[in-house]
Structures are given as C-alpha cells and as structure tokens.
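# Architecture at a glance
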Amino acid sequence: MSRGGRHAYAALSVLAAGALVLTGCSKGGSDTGNNDKKNEENAKRQQSSIKFGDAAASQGPAAEVKGAKAGGTMEVLQRDSFAHLDPGQIYVSDEMALSQLIHRGLTGYKATGDDGKSHEVVGDLATDSGTTTDGGKTWKYTLKDGIKFADGTPITSKDVRQTFERLFAPFINQGPSYIQQWLADSTDYRKLLKDGPYKGKHLPDSIMETPDDKTIVFHFKTAHPDLPYALAMSGYSVVSAKSDTKEKYDKKPMTSGPYKIQSFKSGKSMVLVKNTNWDPKTDPIRHQYVDQFDIQFNQQYEQSTKALLADTGADQTGVSFSNAVDAGNLSKVLADPKLKSRIVSGYQPYVGQMNINMSKPELKDINVRKAIAYALPVTPFVRAYGGTDAMEVAGGLLSPTVSGYDAAFDPYGKKKKPAGDPAKAKELLKKAGKLNMKLTFAYINTPEGQQYSTAMAAGLKKAGFNVQRQEIPAESYYDQVSKVDNSYDIFHTAWGADWPSASTVLPPLYDGRLIADGSQNYSQVNDSHVNSEIDRINKITDPVKSAAEWEKLDKYLLTKVVNEVPTAYYKQTQIAGSKVGGLVYDDVIGGLDPRRLFIK
C-alpha cells in the first residue's frame, strides 16, 4: 500500500495518446513553484501508448544494465508488511513491487531504454504478447521452453488453467477481476465456476482451451483488445497447480521469478534469495544481480529516509521498494545536488479520494454528502506527505496522466480553497437537518495518517459534524475498508489505472454490480445511470471518444452522485544508499524498479 494507494501498473492513457491535449496541472492552491514544465511533460509522457511486442521482442535475456555487477546482499526498508503473496490476491502497490521479483505472467512490461520512460508489452512466460485474428475475441498464447517454478517443476498450460480457474473461487477476493468478467461476459462472474477448480469442475473449451502443455486459448463473447495489458498485471501471474494450497498459498506461494522466498515473518522481515531454476534466457524483463534481499518491515518514511541519508553500514546498500522520502526531508533532499545520483522521482498515476460510504443510512441524503465534500480540507493531506513536492490538489477522479483529464474541473472548489469551505458546508448540513451528525472517520495508522486525519477531522467539525476518528493497521487497511459490512462513514484510498485506459479507473471503483467483500467499489455506490454508462462506454472502440465519455462520467459522479471527494494527484521521490546501482524511476511500476538493482 504505497501511501495507501492501490495500483497495478501505471495510469497511462487510452491508446490514441495525445489526441486529447493535456492542458497542464493545476497549481492547487499551495504551490511552491515545483508544479512546473517537468511535471507536465512527465504526465504527458505517461499518456503515450505502449505497443505489443512480437516474438523477437519477447526473447530473453533482458538487456544488461550499464555497470551492473553480480553479488551481495541488499537491505530493503519497508513501512508495510505484505498482506498477500498469492498472485490472485495482489492488488496493492507494495505487493506488486515485490511481485516484480518473485512472480511471472503470460505477458509483462519490458523497459526499452535505461531511463524507465519507454516500454512495450512482451511475452513473459509466453512466446509473444498474444495473437488474435478476430479483433480480440480469441487470443492464443504459447508457452516458452525452459520455464520452471522455483521447485524445478516445468510450467505448463495446466498451471495457467489453474491460475485463472481458481480466481472464481470465493476466497480470492482482493485481486483484479477484469479477465474473470470477460470470460463470464458478466460482472457477476463467480457463477461461471463458483468453486473454482477445487471440486473437479473446469471452464469449458468454448471459454478457455489448453489442448496441449504449451497452448492456451482464451475465448470471449465480446472483443477485448486490451488482454495483453491485463495479463501483465501481478494479479494474473502464474500459480502452480501442483502446489496450490488455496488460502494457505497466500503466505507461501510457489514462485517463478528470479527470486524465491527463503523466510517470511509477517510484520517483521522477509528474505529473498536467488531462484536457481529461473533461466534468464527465457526472461526479457528481469535481472538477478543481487544475491539476497533482506526486507525489514515497520520502517516508517521518516525512519527509512534518515537511515538512507546517513548512508552507513548496511544502509549504504539499502533501498525501499515503496517508501517515499518523508515529508520533513523531501524539500531538502530534492535541493541537495550531492544526492542527485541517489534519488529517483516521478509523477505517479494515483488519485487520492475520500470515500463516502453510501451504504450508511445517514449518508443517503445528498446534502449531507455535499456538506462533507465542501467541508473536507485537503491541505492537511498534501502537507502530511511533503506538500507540493509530493502531490498537488485534485479536482476530478482522473489523473493528469490519463487522456480526458480536465484541469479546470473542480466541483468542490478544492483548488481555490484547499482548506475547505466550512460555512457552505454548514448551510447544507442545516438544510438536511443534520447538524452535529456523527461521522466515523477511519484512517491508516501511520504517522502521515495520524497527521492528516486529525486536521481533516477538525475541518469537518467546523462545519458541524461530530467526527470520531478510528485507526486501522496499515498492513490490513485495504482488507478492512473493502468489507461490505464495515463501520466506517468516510475513509481515504487512492487508485491508479491498471493499463492504458480510463476504463480501468471508473468501472472497478464505481460499478454498483461489483459491490462485494474485497471489491474496489469502496464507497459502495450503486447508481443505475453510472452502471449503464459503464456498459455503454466500454463498447466504444474509438479511444478518443471513450476518453471524452469517461470524463463526462467523472463529472456526473462528483456533481450528481457525490460519493467521493478527490484529494490529490501523487508524485514520488525515493532514495537509496550510495552503493546501490541501477537506480531508475519506472513509469509503469510507478516507483523504483527493483528488477535492475545491483550493488556497486
């Protein structure tokens, strides 16, 4: 949960990138001069399309990193422990960063340069990014020779079938659901194979074929030309049929990447060592320079930043896969030319939002929801993470990195009044007859969460709300807020698009038919117009037209439904020890790329 955000690859753009002009990022009312041309260019770059690679592009090994050396142990300082290791349960950015090292899928994103700015989707376990002859209804994949799990077992089509069929089982409830819905041709996908493969039933060949050990064919009733993007998500990495222990697999998975898990003490530590059954000749994406990664949890941003700045002992070979430079040190770190070679920075795809729980009877009144929207101060949230060096005030639900983004859209006036408008909010609350109404405000139990929730609660109290804060442990935060029957009225989450389309932002977050434990519809909004618009827009094949329609739906949600209050667009700065080589900020990962690290 990097900064409490979910993200499965970068929020790039719809395929006709650049057709809709990005008008520039708002200064957000608390600008310190850093919202400059560089940020705008960064956002525009992430709107560019990513092509699908052929068989030649999918061959390993990955291009060597300049100056790379093999050997050594690298320290990794992480705030949050990993709640999930089962690929089917992975949809949180920290776990996705780890998955770059331990899991592989049919496809993946290959960096085509040394700066993390250009990529193509290639075959990872598959020989290419996929072939279709009917516009995306049928997709064929062939597995490479020599691919194995960490126990030496060859990876076959049986494992791929197991990987996808198990996603229909009830215990898989935290990962992505795109491909399940496509296979079922329905948002209510679990009916297709309600127990997964565990009671002897399987998907019919008319939906998924595995005619031999090397071949997999997906059959969809409607075209899904984005399948290679979806398959590159960590949530669709391969699972061993032989080693599948259902729920227990979440703590002890059979890995397929260049590293395997030697030990894992939840909340304390993890050790990764080389997977000797990984063959670099089959992998065009990853490296295996470091002998061992020693991961330590419960390292808050301030703690990890200070340790890496001190640059002594093990910290000289230290990094964090996810921790950002803390708010107190951020400006100083960015201004110090001596640290330039040790930091990576980028404009992230996340959009923060305060969810208003629509399942609560007291929040059914739209005037109450509008009062929350106007009252909520977003300045404390931005300040808690380092001010405008770390993020900028948001207007809508679509990031500046997504085509269709409208910089002028600011329905609650947050860019002009980031401290909130308690007077207007109090009027709305009086109109609803709900002055002194109780609000349970859940927050992530980190120093940043404690800081922003205290100040945000104070702003809501000025408007006439009786706010009760309730902390949730960082490790289980998303598991708790994604429960249908939770006790929280408002709580913060963040989201980045899963591949180049805004269709991976609004549908997973706001389709009312997806409400379930583990669903990403955190606000539990179920609006008939929203649902029907999702179905309509998803059928638009012109990416420019679809981008415009998604933006209209963004505006409908925030003006007619009012189930969210956008807070901020994210940036990220990370620091490493002086003996860490291969440092690059990768646009697709949305942070430091762990696959190319080495010790100098």
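One can find the structure itself at the top, above this paragraph.
Residues numbered from 1 in each chain as written. Predicted model: local features only at pLDDT ≥ 70, side-chain atom pairs only at ≥ 80, totals over all residues. Heavy atoms only, no water.

With that settled, the discussion passes to the pattern of salt bridges. For the structure shown, the criterion picks out 27 salt bridges. Notably, a salt bridge pairs arginine 161 with aspartate 205, separated by 3.8 Å at the nearest N-O pair. Within this pair, whereas arginine 161 is found in helix H3 (residues 157-165), its partner aspartate 205 is found in the loop between helix H4 (178-184) and strand E7 (208-209), the two being separated by 44 residues in sequence. Since its relative accessible area comes to 10%, arginine 161 is described here as buried. Where aspartate 311 meets arginine 342, a salt bridge forms, and the shortest distance between an N and an O atom there is 3.9 Å. Remark: arginine 342 occurs in the loop between helix H7 (327-335) and strand E13 (343-356) and aspartate 311 occurs in the loop between helix H6 (301-310) and strand E12 (318-319); sequence separation between them is 31 residues. Taking the relative accessible area as the measure of exposure, arginine 342 reaches 11% and is therefore buried. Linked through salt bridges whose partners overlap, the residues forming this network are Arg104, Asp124, Asp283 and Arg286. (Salt bridge = Lys/Arg side-chain N within 4 Å of Asp/Glu carboxyl O. Helix = DSSP H or I, 4+ residues; strand = E, 2+ residues; numbered from the N terminus. Buried < 20%, exposed > 50% of the residue type's maximum accessible area, 1.4 Å probe, protein only.)

Moving on: the packing of aromatic side chains. The full count for this structure, using the stated rule, is 26 aromatic pairs. Ring geometry for tyrosine 289 and phenylalanine 598: centres 6.2 Å apart, planes at 80 degrees, overall edge-to-face. Taken as a pair, tyrosine 289 in the loop between strand E10 (269-274) and strand E11 (292-296) and phenylalanine 598 in strand E22 (residues 598-599) lie far apart in primary sequence, 309 residues in all. The same class applies to tyrosine 289 and to phenylalanine 598, which are both buried. (Phe/Tyr/Trp six-rings, centres within 6.5 Å; stacked < 30°, edge-to-face > 60°.)

Considering the arrangement of structural elements, one finds glutamate 95 in helix H2 (residues 93-102). Residue glutamate 95 is classed as buried on the basis of its relative accessible area, which comes to 3%. Not counting residues within four places of it along the chain, the set of residues in contact with glutamate 95 comprises Phe82, Ala83, His84, Gln89 and Ile90. (Contact = heavy atoms within 4.5 Å.)

Moving on to the sheet that holds strand E5 (residues 119-123). Taken in spatial order, the 3 strands of this open sheet run E2-E5-E4, and their pairing is mixed. In this open sheet, the two strands that pair with only one neighbour each are strand E2 (51-52) and strand E4 (107-111). Note: E2 against E5, 2 bridges, orientation parallel. Looking at E5, one finds that lysine 51 is bridged to glutamate 120. (Pairing = 2+ DSSP bridges.)

Burial runs high along strand E18 (residues 564-575): 12 of the 12 residues are buried. Looking at chain direction, E13 and E18 are connected through 9 bridges and run antiparallel. Opposite serine 345, over in E18, you have threonine 573 as the bridge partner. Alignment of strand E14 (residues 391-393) against E18, held across 3 bridges, turns out to be antiparallel. Paired with valine 393 across the strands is alanine 568, a residue of E18.

What follows is about the nonpolar core. Counting 128 residues, the largest nonpolar core has Leu106, Phe164, Phe218 and Phe465 as the members making the most contacts within it. With 6 residues, helix H8 (residues 366-375) is the largest single contributor of residues to this core. Ile102, Met270, Val319 and Leu597 belong to the second largest nonpolar core, which has 26 residues in total. (Core = buried A, V, L, I, M, F, W, Y, C linked by side-chain atoms within 4.5 Å.)

Now for unusual backbone geometry. Across the junction of glycine 60 and proline 61, the peptide omega takes the value 0 degrees, indicating a cis bond. Even without being a glycine, asparagine 298 presents a positive backbone phi close to 65 degrees. Within the secondary structure, asparagine 298 is located in the loop between E11 and H6. The backbone phi angle of valine 562 is positive, close to 60 degrees, even though this residue is not glycine. The residue valine 562 is located in the loop between helix H15 (543-561) and E18 in this model.

For helix H14 (residues 528-538), every residue scored as buried is listed here: Val530, Asn531, Glu533, Ile534 and Ile537. An end-on view of H14 places all buried positions within 165 degrees of arc, on one side of the element. Those residues of H14 that are buried lie in contact with helix H13 (506-510) and H15. The N-cap of H14, judged by a side-chain oxygen 3.0 Å from the amide nitrogen of histidine 529 a few residues on, is aspartate 527. (Arc of directions from axis to C-beta. Polar contact = N/O pair within 3.5 Å; in protein donor to acceptor, adjacent residues only side chain to side chain.)

In this section: the environment of lysine 140. Along the polypeptide, lysine 140 turns up in strand E6 (residues 138-142). Here lysine 140 falls in the partly exposed class, since its relative accessible area comes to 42%. Residues lysine 140 and histidine 219 lie 79 residues apart in sequence; the distance between their C-alpha atoms is 9.0 Å. If sequence neighbours within four positions are ignored, lysine 140 has contacts with Gly130, Thr131, Thr215, Ile216 and Val217.

The volume enclosed by the largest pocket comes to roughly 1,000 Å³. Going through the elements one at a time, H4, H13, H14 and H15 are the ones with two or more residues in the lining of the largest pocket. Each residue belonging to the lining of the largest pocket can be placed in one class, and the counts come to 18 nonpolar, 14 polar and 6 charged. (1 Å grid on protein atoms, 1.4 Å probe; cavity = no way out; pocket = protein on both sides within 12 Å on 5 of 7 lines; lining within 4 Å. Points joined across faces, edges and corners; volume = space filled by probe spheres on them. Nonpolar A, V, L, I, M, F, W, Y, C, P; charged D, E, K, R; others polar.)

Read across the sheet, 3 strands follow the order E6-E8-E7 without closing on themselves; strand pairing throughout is antiparallel. Each end of this open sheet is capped by a strand with a single partner; those strands are E6 and E7.

Given 3.6 residues per helical turn, the α-helix brings residues three or four places apart onto the same face. Over its 16 residues, helix H11 (residues 447-462) extends 23 Å from the first C-alpha to the last, a length consistent with the 22 Å expected when each residue adds 1.5 Å. Note on H11: the residue one or two positions beyond its end, glycine 464, has a positive phi of about 110 degrees. (Expected span 1.5 Å × (residues − 1).)

This part covers the pairing of strand E3 (residues 73-77). With 4 of its 5 residues buried, E3 lies for the most part within the structure. Across 5 bridges, the pairing between E3 and E11 is parallel. Within E11, the position partnered with valine 76 by the bridge is isoleucine 295. Where E3 lies against E12, 2 bridges are found, and the strand directions are parallel. Across the sheet, valine 76 pairs through a bridge with valine 319, a residue of E12.

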